[in-house]
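Fold and contact review
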Amino acid sequence: METLAEQTIVDILGNQMDLDSQRVWIRDQNKKIPQGDGLFVIVGMISSKPFSVNKYSTPTDDDTGLKEIQTVIAQVQIQTDIISRNTDAITRRYEILTALNSTYAVQKMEAGNFKIFKMPTAFLNASEAEGGSRINRFSVTVTAHVWYRKEIELASGDFYNDFDTRVDDKETIDEADGLIEFTIDENTDLGGLA
């Protein structure tokens, strides 16, 4: 997945609910809800539980070097808040769930290697958190399974070509020279073992 799950959900909600980037965004970007009527949607990750963190190296496409592939698989909790000063949040809150279950959403999930788990069963009415401003606010949290992948091309000095090793017995273990010492490098003939 090249983008965060929150970014993909913002894209899905914007597309399915016909909202532009001024009306649907990722939380914690110091944005304020604009004055006036209309619907606003804010998406943000509230927790993440990594299942797997891996790395492995593979030859570059032109076989001249190595690249490191780093992956993370995690379960994330993503909260979506739907907000309005008028009744739009009340009357359109169900569209969050239909958007996340749409064909467009399924296509985005398949393309991004992530999956939204079973739909939540309840919205939380968080309107009172807005105090005296009387903004309608509803929150829903979904669980998603995400897979992130990053490739880093390794410079020639970032990987090992030469390996020094030694064999010791009880007499040589504390000495500077081992019983047997040898080096394996890219020119070493391993007799068909490589």
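A few points on the structure. (Residues numbered from 1 in each chain as written. Predicted model: local features only at pLDDT ≥ 70, side-chain atom pairs only at ≥ 80, totals over all residues. Heavy atoms only, no water.)

1. Topic: the packing of helix 1 (residues 5-17) against helix 4 (residues 103-112)
Heads up, the rule is: Angles shown run from 0 to 180 degrees and are taken between the N-to-C directions of axes, each axis being a line fitted to C-alpha atoms and, for helices, limited to the stretch in contact. A run of H or I in DSSP becomes a helix once it reaches four residues, and a run of E becomes a strand once it reaches two; helices and strands are each numbered from the N terminus. Any angle that is under 35 degrees is reported as roughly parallel, and any over 145 degrees as roughly antiparallel; angles of 65 to 115 degrees are reported as roughly perpendicular and all others as oblique. Handedness of a crossing is defined here by the sense of rotation of the near helix relative to the far one, left-handed for an anticlockwise turn of less than a right angle and right-handed for a clockwise turn. Two residues form a contact once any of their heavy atoms are found within 4.5 Å. Residue polarity follows a fixed list, in which Ala, Val, Leu, Ile, Met, Phe, Trp, Tyr, Cys and Pro are nonpolar, Asp, Glu, Lys and Arg are charged, and the others, Gly among them, are polar.
Interaxial distance between helix 1 and helix 4 falls to 10 Å at its minimum, and their mutual angle equals 155°. It follows that helix 1 is roughly antiparallel to helix 4 by the angle criterion. In this structure, the crossing between helix 1 and helix 4 has a hand that is right-handed. Across the interface between the two elements, Thr8, Asp11, Ile12, Asn15 and Gln16 from helix 1 touch Tyr104, Ala105 and Lys108 from helix 4. Taken together, the residues of the contact of helix 1 with helix 4 break down into three nonpolar, three polar and two charged.

2. Section: helix 4
What counts, and what does not: Each residue gets one of three labels from its accessible area relative to the maximum for its type: buried under 20%, exposed over 50%, partly exposed in between, using a 1.4 Å probe on protein chains only. Within this analysis, the arc is defined by the directions that extend from the helix axis to the C-beta atoms.
Looking only at helix 4, the buried set comprises Ala105, Met109 and Gly112. Down the axis, helix 4 shows its buried residues gathered within 75° of arc, on one side only. Residues of helix 4 that are exposed and angled more than 90 degrees away from the buried face: Thr103, Glu110 and Ala111. Next to the buried residues of helix 4 lie helix 1, helix 3 (94-100), strand 4 (115-116) and strand 6 (136-154). Looking one or two places after helix 4, you find asparagine 113, whose phi comes out positive at around 55°.

Without other data, these values stay purely geometric and don't point to any function.
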